[in-house]
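Now for the letters of each chain:
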Amino acid sequence: MSRLRYYNINKTIIYYNSDEELYIKSSFDKNPIISLTNEYEGFKWYFSKKPSLDKSLVSKLKKRIDNNFAKIEIPSLPGNSVNAYDPICINEKYVMLAIDEYLSVSKKNDFRFHGDFSVGNILYNKNDCYIIDWENSVNDQKFWGVDILNIFFESIFFSFDKNILSKKNIQSATNIYKRILKIFKEKKMKLLTIHELVKLYKSNSLIWGDTFSKLPILKFNQEQLKVIDSFQKNN
């Protein structure tokens, strides 16, 4: 067993056991214990929605949690990561696959908010993908669909070049946004503007704790917000 890295931010140690193909996370600190508890519950919920997953793999998900210590064991899922910092014209297909996966497991009356639904928190195979990193997840029905908006706007954030979106990025954004519009219309739900989404996040900032300020959708400048406002109004 070898230690991968130590997070000074949330005081969590992460190991990878190559023999068992397990990620092992542990901490003695209060806030990371909460995050590890959320991550375990998130994976447990997610695996329950994936009956096709190998049962021997699912059985590797374990926890040991008390007031002063937490350790969780997470099985390594098949797939590869992609670069979340690539513009949306490159990541369009990955965003679409992520939305497909979200819809396959998330029902309005049976749902868990991921809290950091990003291309960077998904493992991809040829035709499907797996959602990972559930440490910010909570069971709250009012957040249904918010993860979809997060992955979209985050992808937009990494597509700006000096406050400008290229034609290729606008086209890819339009393709994805049309899909999102259809989803929200079918669910008879209000689609939030970027301003409403940011307001929702800020009013629930305790979900993310110390990592809240790092969320990309909070980092748009005024010029970028004007571009997004115009985009949403015209689509």
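Residues numbered from 1 in each chain as written. Predicted model: local features only at pLDDT ≥ 70, side-chain atom pairs only at ≥ 80, totals over all residues. Heavy atoms only, no water.

Chemist: Is there a simple way to explain the environment of E135 in this structure?
Modeler: With respect to the helices and strands, E135 occurs in the loop between β7 (129-131) and α4 (146-157). Note: C-alpha distance between E135 and H114 (21 residues apart in sequence) is 8.0 Å. Leaving out residues up to four positions away in the same chain, E135 has contacts with S35, N38 and E39. (Helix = DSSP H or I, 4+ residues; strand = E, 2+ residues; numbered from the N terminus. Contact = heavy atoms within 4.5 Å.)

Chemist: For this particular structure, what's the right way to read helix α5 (residues 167-186)?
Modeler: Residues three or four positions apart in an α-helix share a direction because the helix packs 3.6 residues into each turn. Its 20 residues give α5 an end-to-end C-alpha distance of 29 Å, which sits within 8% of 28 Å, the value for a rise of 1.5 Å per residue. Every buried residue belonging to α5 is among N169, S172, A173, T174, I176, Y177, I180, I183 and F184, and all of these are buried. For α5, the elements touching its buried residues are α3 (88-105), α4 and α7 (222-233). Looking at the residues trailing α5, positive phi occurs at K188, about 55 degrees. (Expected span 1.5 Å × (residues − 1). Buried < 20%, exposed > 50% of the residue type's maximum accessible area, 1.4 Å probe, protein only.)

Chemist: Even after reading the chapter, I still don't get the pairing of strand β5 (residues 70-75), so can you show me in this structure?
Modeler: Sheet faces and side chains relate simply in a regular strand, where the side chains alternate between the two faces. Most of β5 is tucked away: five of the six residues are buried. Of the pairings in the sheet, the one linking strand β3 (residues 22-27) to β5 comprises six bridges and is antiparallel in character. Opposite Y23, over in β5, you have I74 as the bridge partner. Direction of pairing for strand β4 (residues 62-65) relative to β5: antiparallel, over a ladder of four bridges. When the sheet's bridge partners are listed, I65 is paired in β5 with A70. Two successive antiparallel strands, β4 and β5, enclose a turn made up of four residues. (Pairing = 2+ DSSP bridges.)

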